[in-house]
Structures are given as C-alpha cells and as structure tokens.
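In case you want the letters, here they are:
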Amino acid sequence: LVEVGAAVLATGGAVSNTGIALHRLGVPVRLLGKVGGDLFGRAILDIVRGYGAELADGMIVAEGEQSSYTIVINPPGVDRIFLHCPGANDTFSAEDVPEEALREAGLFHFGYPPVMRRMYENGGADLVALLAAARQAGATVSLDLARPDPDSPSGRADWRAILSRTLPHVDLFLPSLEEILFMLRRDVYDELSRRAAEAGGAAADLLAFADEALLASLADEMLSMGAAVVVIKLGEYGLYLKTSPSPQRIAASGFYAPRDAAAWTGRELYAPCFQAEVAGTTGAGDCTIAGLLAGWMLGLAPEEALLGAVGVGACNVERPDAVSGIRPWDEVQRRIAGGWAQRAPKLASFRAEPTPSGARVWRGSRDVASGR
C-alpha cells in the first residue's frame, strides 16, 4: 500500500484541454468529439458543461461504445505515465464532423490522430479528407499529435507517409519533439532515448538533447511537406517556431491568415518558459497550443504569439488539472508585461531580443527578420 493524495477527475485531450483553455481565454469555441453512453461519458459531459453549458452541444454520444479514458500517474519530480484506452475515439471519423461546423469555423484544430484508429488506418485517408474539407471551407487548420505506443498498430503506422499527405492541408503544425522524432526519425529517437537512459533520466526524456540544428532540420522537413507554420513543443524548455519562406503560403493560411504575411514569413524563433511553481503538467502542451492559437487569431506578431503561448502554458502548470489555471487572455498579457521572470533559454546559439511587452524571445540564425 502506497498512500497518495486525493484523486482528481478531469477531462483531457485536445478537444477538452485546448478547447476549454481557449474558452477560458475568451475565444468563442465549439467542441466536437465522441464519448460512449457510459458512466465516463456522462462524467465527461458534466465536466465540460461545468465550464459552459453550451460547450457540450457538439459532442457525440455513441450508445454501446466505451468512452476514452486515461489514468495519469503524476508523482512529483517524475515524468507523467499515461495508461490509455482509446474507446470511442477509435470510431471517430471524418463523417462525424458536420459540414455546417466546418463552414462556421474560422479555425479548425484537430488532435491526436495517433490515438484515433480511423485517422491513421488506410494511410490516414480519413484524416486527409477531414483536414482537406476544413481547408476547403476556408478555415485555418491546426494539427497536434500524440506519441503512440510503439507496439500498437498506430506505433507501427507509416507516419512519414501519413504526414506527407496531411501537411499540405495544415497551416499550423504543433508536435512535440518526442512525437515528431518518433514519427520522422525513429533512429534518432531511439538513439537519444538510449543516451537519456544512460544519463540517468527517463528513456523518453529527449529534450535535453535538443539543439538548433536538430530543430531546424525537423522543421524544414515539415515545412517542405506543406505546413505554413511549425511549432515544436519542448516541454519545460519552451517553444520553437519556424515558418515557411513563402509569403504566399503564409497568406493562404485560411480565415485567420496574418494581415502582415511578411511578419510571419521565414521566421525562426524560440521562447523559453516563464517561471512557475509547478503543481502538475497535465495538459500543459494543449494549453500552450491554446495560447498560440489565440495569439494567431488576434493577429499578433509571431514574437508576441509565442510569448502568449508559453504564458498560458505556465498558468496551466500552476494547477494540478489541465485547465483550471488558465486565466483570461488580457490577464495573461498583463502578467507578461508586468515583468514575469523567464527561465534560462535552452538554445544558446539563438540571439535574445526584447519585445514590446518587455519579455524576450530568441531569434535563430536563419530568422529573416534578424536584420530588421
């Protein structure tokens, strides 16, 4: 018997974490997902309605199916362990997203195809069809990933081929370093995992080995596949951003395409995390994405959007659950402008520069705005 604290029951995943975080930031949002007609499904809908009665209106209840659930083991000072059952997520398909919802959407955010069977089987045909339909409807499209169990069917899927078909329809691509290494460079992923284990860390703790060359190489590959903006999540080290060198591609980023496409063209930026007293990291990446999407929709420059993203992520980790720490957008911005301390930067080769908020971002050697 090991004595622990009280259990926390919370919704999770991209629909709940990113969607409810956007709602708490003040962005109008509609959630689209599928739950089973079981006890977990009812609990999920009750929790979602607790943040806003209308937020559950777009959820599908599939009678006879089991809701997806995850047991998160989150001991202090140790990376989280997730025990995951896909449940009804495995039957979610492109047909489950109403055409009306796509026509109404200014931005369509989708996550996690690696834990949704219909989205990775048949070479990702359903995923491609769904994101292509969203682009055709005029929405800005963003995509997040999850690292699958290596021994599962998803872990054995040809993710390079799936992404090569998918990314031409994606404007904002937002994977973590671990996820994209697993999918595009499995040999590097395995080698860095081995080195991390030998150094006494968790086998999947690859973030300590991130450098500008690796990040730039990965981002260039994803941009060449068709994405307009690539953001790589670096956990406690912050966010790395690289954008297409084509102003035409930036300008073609759907409803929320930047008015000043040049400000987002050919950029390479890095923002470390803000200092925070960490209560838990569940949902930190999803909430960071919510901050970035909010900044993008507000038409901010990439520097300010990145700072907003890591600011929202820092608010998240100050609470043990995924979204209760998220504050309204204006409050996050006031905290940043008030001199919120930043952590030491990870990428030493980048050059620090102040922003109008007073916080700093770091420009990479390939950043076309470095001479402005």
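A. Representation of the nonpolar core in the model. Residues Phe-110, Phe-173 and Leu-177 are the most contacted members of the largest nonpolar core, which totals 58 residues. Considering each element in turn, this core owes the most residues, eight residues, to helix 9 (residues 212-225). When neighbours within four sequence positions are excluded, Leu-177 is seen to be in contact with Leu-206, Leu-207, Ala-210, Leu-214, Leu-215, Leu-218, Ile-232, Lys-233 and Leu-234. Of all hydrophobic cores here, the second largest spans 53 residues; its members include Ala-21, Trp-264, Val-332 and Ile-336.

B. Here's a closer look at the pattern of salt bridges. One pass over the full model with this rule turns up 29 salt bridges. A salt bridge links Asp-171 to Arg-135; the nearest nitrogen and oxygen atoms lie 3.7 Å apart. Here Asp-171, found in the loop between helix 6 (159-166) and strand 7 (172-173), pairs with Arg-135, found in helix 5 (residues 125-136); they are 36 residues apart in sequence, far enough to count as distant. Note on Asp-171: relative accessible area 0%, which makes it buried. A salt bridge links Arg-343 to Glu-236; the shortest N-O distance between them is 3.4 Å. Highlighted residues: Arg-343 in the loop between helix 13 (329-337) and strand 11 (351-354) and Glu-236 in the loop between strand 8 (229-233) and strand 9 (239-243), separated in sequence by 107 residues. Assessed through its relative accessible area of 34%, Arg-343 is described here as partly exposed. Three or more residues are tied together by salt bridges with common partners; here these are Arg-267, Glu-303, Arg-351, Glu-353, Arg-363 and Asp-367.

C. Seen up close, the side chain of Ser-93. Assignment of secondary structure puts Ser-93 in the loop between strand 4 (81-85) and helix 3 (99-104). Among all residues touching Ser-93, those that are not within four sequence positions of it are Arg-118, Met-119 and Asp-126.

D. Spatial organisation of helix 12 (residues 302-317). Its 16 residues place the ends of helix 12 23 Å apart at the C-alpha level, agreeing with the 22 Å of an ideal helix rising 1.5 Å per residue. For helix 12, the buried fraction is high: 16 of the 16 residues fall into the buried class.

E. Molecular detail of the packing of helix 1 (residues 13-25) against helix 11 (residues 284-297). Between helix 1 and helix 11, the shortest axis-to-axis distance is 8 Å and the interhelical angle comes to 50°. In terms of axis orientation, helix 1 runs oblique to helix 11. Where helix 1 crosses over helix 11, the two elements pack in a sense that is right-handed. Contact residues: helix 1 offers Gly-13, Ala-14, Asn-17, Thr-18, Ala-21, Leu-22 and Leu-25, while helix 11 offers Asp-286, Cys-287, Ile-289, Ala-290, Gly-291, Leu-293, Ala-294 and Met-297. Counted by class, the contact of helix 1 with helix 11 contains ten nonpolar, four polar and one charged residues.

F. Looking closely at the state of the cysteines. This structure, assessed with the given rule, holds zero disulfides. Of all cysteine sulfurs, the one in Cys-315 lies closest to Cys-287, which takes part in no disulfide; the gap is 9.5 Å.

G. The pairing of strand 9, seen in detail. Where burial is concerned, most of strand 9 is hidden: five out of the five residues are buried. Neither face of strand 9 is left uncovered, since the one carrying Leu-239, Leu-241 and Thr-243 and the one carrying Tyr-240 and Lys-242 both have all their residues buried. Direction of pairing for strand 8 relative to strand 9: antiparallel, over a ladder of five bridges. From the neighbouring strand, Val-229 faces strand 9, where its bridge partner is Thr-243. Following strand 8, the chain reverses through five residues before pairing antiparallel with strand 9; Gly-235 in that reversal takes a positive phi of roughly 55°.

H. Broad picture of the sheet that holds strand 11. Spatially, 5-6-7-8-9-10-12-11 is the arrangement adopted by the eight strands of the open sheet, whose pairing is mixed. In the strand order of this sheet, the two ends are held by strand 5 (107-110) and strand 11, each with one partner. As paired elements, strand 9 and strand 10 (residues 268-271) share four bridges and run antiparallel to each other. Across the sheet, the residue bridging to Leu-241 is Leu-269, located in strand 10. Against the sheet, helix 9 makes contact with strand 7, strand 8, strand 9 and strand 10, and its axis sits at roughly 45° relative to strand 9, the strand it touches most.

What counts, and at which threshold
Residues numbered from 1 in each chain as written. Predicted model: local features only at pLDDT ≥ 70, side-chain atom pairs only at ≥ 80, totals over all residues. Heavy atoms only, no water. Core = buried A, V, L, I, M, F, W, Y, C linked by side-chain atoms within 4.5 Å. Buried < 20%, exposed > 50% of the residue type's maximum accessible area, 1.4 Å probe, protein only. Helix = DSSP H or I, 4+ residues; strand = E, 2+ residues; numbered from the N terminus. Contact = heavy atoms within 4.5 Å. Salt bridge = Lys/Arg side-chain N within 4 Å of Asp/Glu carboxyl O. Expected span 1.5 Å × (residues − 1). Axes fitted to C-alpha atoms, helices over the stretch in contact; angles between N-to-C directions. Parallel < 35°, antiparallel > 145°, perpendicular 65-115°, else oblique. Left-handed = near helix turned anticlockwise from the far one by under 90°. Nonpolar A, V, L, I, M, F, W, Y, C, P; charged D, E, K, R; others polar. Disulfide = S-S within 2.5 Å. Pairing = 2+ DSSP bridges.

Coordinates in, geometry out; function isn't part of it.
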